[in-house]
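# Examination of the molecular architecture
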Amino acid sequence: MDVGSEIGPVTGSPRPDFITAYHDTLRAELARLASADAQTRPQYLQALGEEWLEASRRGVATTLQLFVDGGMDVNYQDPRTGQSALHAAAGSGARQSVRTLLRTVHCDFLVRDSAGRLPSECAYLFGHDVALARLLGNKERKQAAELVVSIARRP
């Protein structure tokens with residue numbers, strides 16, 4: 001596929017028909033995930049999980065919302081890194097993605113990646129966004145208090 005042909009001539013943004021086609025394909029894949037049996041579900045989930053995390057990193061809120069509406073597990077973690085969408089968005093400074101994730105009901109702020117980091121730590125260390133780290137830290141402390149668990153620093 002010639003990528004240049006998918007770029008609009010004036011704005012340099014992707015053409016709307018290209019985005020619509022991608023979202024239609026994504027909706028179909030999410031429907032397959034929802035109807036998958038126990039054997040094939042992990043394969044669909046892993047393939048869609050990579051797309052989910054990439055959309056989170058890039059700050060593509062419309063695509064993230066499509067995933068959420070399609071039933072994607074908001075707390076899905078990459079099997080290799082343990083990163084959730086919130087880790088990915090915070091670590092890349094994608095505030096639009098973080099906003100979308102914060103609006104979801106089931107977002108777990110206490111999920112740690114394979115290195116034991118919380119999303120607020122990723123925002124500070126990799127996203128270099130102190131304000132975002134502070135916001136996520138407040139959310140983490142609030143959720144920890146509600147669940148009566150400790151979020152003490154790891155050893």
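The rules we used
Residues numbered from 1 in each chain as written. Predicted model: local features only at pLDDT ≥ 70, side-chain atom pairs only at ≥ 80, totals over all residues. Heavy atoms only, no water. 1 Å grid on protein atoms, 1.4 Å probe; cavity = no way out; pocket = protein on both sides within 12 Å on 5 of 7 lines; lining within 4 Å. Points joined across faces, edges and corners; volume = space filled by probe spheres on them. Helix = DSSP H or I, 4+ residues; strand = E, 2+ residues; numbered from the N terminus. Nonpolar A, V, L, I, M, F, W, Y, C, P; charged D, E, K, R; others polar. Core = buried A, V, L, I, M, F, W, Y, C linked by side-chain atoms within 4.5 Å. Buried < 20%, exposed > 50% of the residue type's maximum accessible area, 1.4 Å probe, protein only. Contact = heavy atoms within 4.5 Å. Axes fitted to C-alpha atoms, helices over the stretch in contact; angles between N-to-C directions. Parallel < 35°, antiparallel > 145°, perpendicular 65-115°, else oblique. Left-handed = near helix turned anticlockwise from the far one by under 90°.

## Quick notes on the layout of surface pockets
A volume near 310 Å³ is recorded for the largest pocket. Lining the largest pocket are 12 residues, with Tyr22, Ala55, Arg58, Val60 and Thr63 positioned closest to its centre. Those elements giving two or more residues to the lining of the largest pocket turn out to be α1 (16-35), α2 (41-58) and α3 (61-69). Per-class residue counts for the lining of the largest pocket are six nonpolar, three polar and three charged.

## A few points about the nonpolar core
Counting 27 residues, the largest nonpolar core has Trp52, Phe67, Met72, Leu86, Leu101 and Leu136 as the members making the most contacts within it. Breaking this core down by element, the ones donating at least two residues are α1, α2, α3, α4 (85-91), α5 (95-102) and α7 (130-147).

## Description of α3
Side chains three or four residues apart in an α-helix point the same way, a direct result of the helix having 3.6 residues per turn. Residues of α3 that are buried include every one of Ala61, Thr63, Leu64, Leu66 and Phe67, and no others. Glycine 71, located one to two residues past α3, shows a positive phi value of around 95°.

## Looking at the environment of leucine 135
Its location among the elements puts leucine 135 in helix α7. When its relative accessible area of 36% is taken as the criterion, leucine 135 is described as partly exposed. Distance from leucine 135 to serine 120, taken between C-alpha atoms, is 7.8 Å for residues 15 residues apart in sequence.

## Structural notes on the side chain of glutamine 83
Mapped onto the secondary structure, glutamine 83 falls in the loop between α3 and α4. Once you skip the residues sitting within four places of it in the chain, glutamine 83 turns out to touch Leu53, Arg57, Tyr76, Gln77, Asp78, Ala88 and Asp113.

## Some remarks on the packing of α1 against α3
Contact pair α1 / α3: the axes reach a minimum separation of 10 Å and the direction vectors enclose 25°. Relative to α3, the element α1 is oriented roughly parallel. Along this stretch, α1 crosses α3, giving a crossing that reads as right-handed. Between α1 and α3, the residues in contact are Tyr22, His23, Leu26, Arg27 and Leu30 and Thr62, Thr63, Leu66 and Phe67, respectively.

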